[in-house]
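Breakdown of the fold
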Amino acid sequence: MPAKPTSSNPLPARLLLMLLLAPALLWLVGLIVLPHVELGILSLRARVAPRVYEVSLDQYRTFLDEPLYWHTFVRTALMSMLATAITLVMAFPIAWMIAKVARGRNKSMLFILCLIPFWVSETVRTLGWMILLRESGVLPGLLMWLGLTPAPVDLLYHDATILVGLVYTSMLFMVVPLIGALESLDDSLIEAAYDLGGNGWSILRQIIIPHAAPGIVAGCIVVFMLTLGNYLTPTLLGGKNSQWFTEQIYTQFITRFNWEQGAAFGFLLLGLSTAIVWLGLKLSGQKFGEVMRKA
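In short, a report on the structure. Along each chain, the written sequence defines residue order, and numbers are assigned to residues from 1. Where totals are concerned, whole chains, interfaces and linings use all residues; where local detail is concerned, this predicted model gives features only for residues with pLDDT of at least 70, and gives and counts side-chain atom pairs only at 80 or more. For side-chain calculations, the full set of non-hydrogen atoms in the structure is used, while hydrogens and water are omitted.

**Some remarks on the nonpolar core**
What is meant by a nonpolar core is a set of buried Ala, Val, Leu, Ile, Met, Phe, Trp, Tyr and Cys residues, joined one to another through side-chain atoms within 4.5 Å. To sort residues, take the accessible area from a 1.4 Å probe on protein chains only and compare it with the maximum for the residue type: under 20% means buried, over 50% means exposed, and anything in between is partly exposed. F92, L178, L182 and I208 are the most contacted members of the largest nonpolar core, which totals 23 residues. Helix and strand definitions follow DSSP, with helices as H or I runs of at least four residues and strands as E runs of at least two, each counted in order from the N terminus. At the level of elements, helix 3 (67-101), helix 7 (159-183), helix 8 (187-195) and helix 9 (200-228) are the ones that each hand at least two residues to this core. Of the residues forming this core, the biggest block, nine residues, is contributed by helix 7. Contacts: residue pairs with any heavy atoms within 4.5 Å of one another. Among all residues touching I208, those that are not within four sequence positions of it are F92, W96, L182, L185, I190 and I203. In this structure, Y69, A77, I249 and L269 belong to the second largest nonpolar core, which totals 15 residues.

So, in structure tokens, the structure goes:
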């Protein structure tokens, strides 16, 4: 019998996989890993003379010794968690409408309405809120026209204003994973629960929320991280008294040129976000891999 023609040996599967992953790995190492390593080195040194440094924890001691720093740190964490909770409460009905109630064009239209604000930059969106809420803006003028206030009231530079801006800029990142989780819920389970005498609250608590738990946790993680690291919205809507920790980081790096202190603050913020995400996963009983797939 004639011998079968031999084909050239293909590249080993592992080498081919590495070639495919190389761009992503280079991006991760060059833009994420190496900068964080450099920041870690900066945060653990102190300047003792021009261009002379020694290993030190002074930057972290400064954080503990200065009440303004740790007060701002705690305030940023609490405000970020509150903004995340408000975003979840507001996004859940929207996601339910899109995933389970709306059909056809209405479903697409609702999702586009959630997407429209993100067609412009965060700067433009935040400036839009400033135009609406400033003393000479649209909303104070409307309140005075309705007789609810005797004179225009400046609604900027309050904690509530900061929360409004943070929720507005984060809403889509909560809606999307919730839609993905709710769309996979079988409607027959809800119908069976009603047939067995369940009410709306019990069905929500025992069927809908447990099924949507990965999407809820995924949305909360993304929104919390975005909110915690947000600089523009708290600064513009909160003014000089926003007391947001990212503003402290910016001040150390850009205003005071104290890169060591800024790097320490950055690592403290990274540690805070990691700890809260880990705690949230533990309390919810979710696995990080499954949550990230929903995100």
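**A word on helix 5 (residues 122-133)**
Between its first and last C-alpha, helix 5 extends 17 Å over 12 residues, near the 16 Å set by a 1.5 Å rise per residue. Regarding helix 5, the residues found buried are R125, T126, M130 and L133. For helix 5, the buried positions fall inside an angular range of 145° around the axis, keeping them on one side. The length a helix should cover is 1.5 Å for every residue beyond the first. This arc is built from the directions going out from the helix axis to the C-beta atoms.

**Examining the packing of aromatic side chains**
Paired rings are identified among Phe, Tyr and Trp, the last through its six-membered ring, by centres lying within 6.5 Å, and are further divided according to the angle between planes into stacked (under 30 degrees), edge-to-face (over 60) and tilted (the rest). Within the structure shown, the criterion is met by 10 aromatic pairs. Seen in terms of ring centroids, F245 and F265 are 5.1 Å apart; in terms of plane orientation they differ by 50°. Their pairing is tilted. Taken together, the residues F245 in helix 11 (residues 245-255) and F265 in helix 12 (residues 259-284) connect sequence positions 20 residues apart. F265 matches F245 in its accessibility class, with the two residues each being buried. Ring geometry for F253 and W259: centres 5.5 Å apart, planes at 75°, overall edge-to-face. Look at F253 and you get buried, because its relative accessible area is 18%. A connected cluster of aromatic rings, assembled from ring pairs, spans F63, Y69, F73, F245 and F265. The residue whose ring lies beneath R45 is Y53, and the NZ or CZ to ring-centre distance is 3.7 Å. Lying over the aromatic face of F118, R125 brings its terminal NZ or CZ to 4.6 Å of the ring centre. We call a charge positioned above a ring when the Lys NZ or Arg CZ atom is no farther than 6 Å from the ring centre and deviates by at most 35 degrees from the ring normal.

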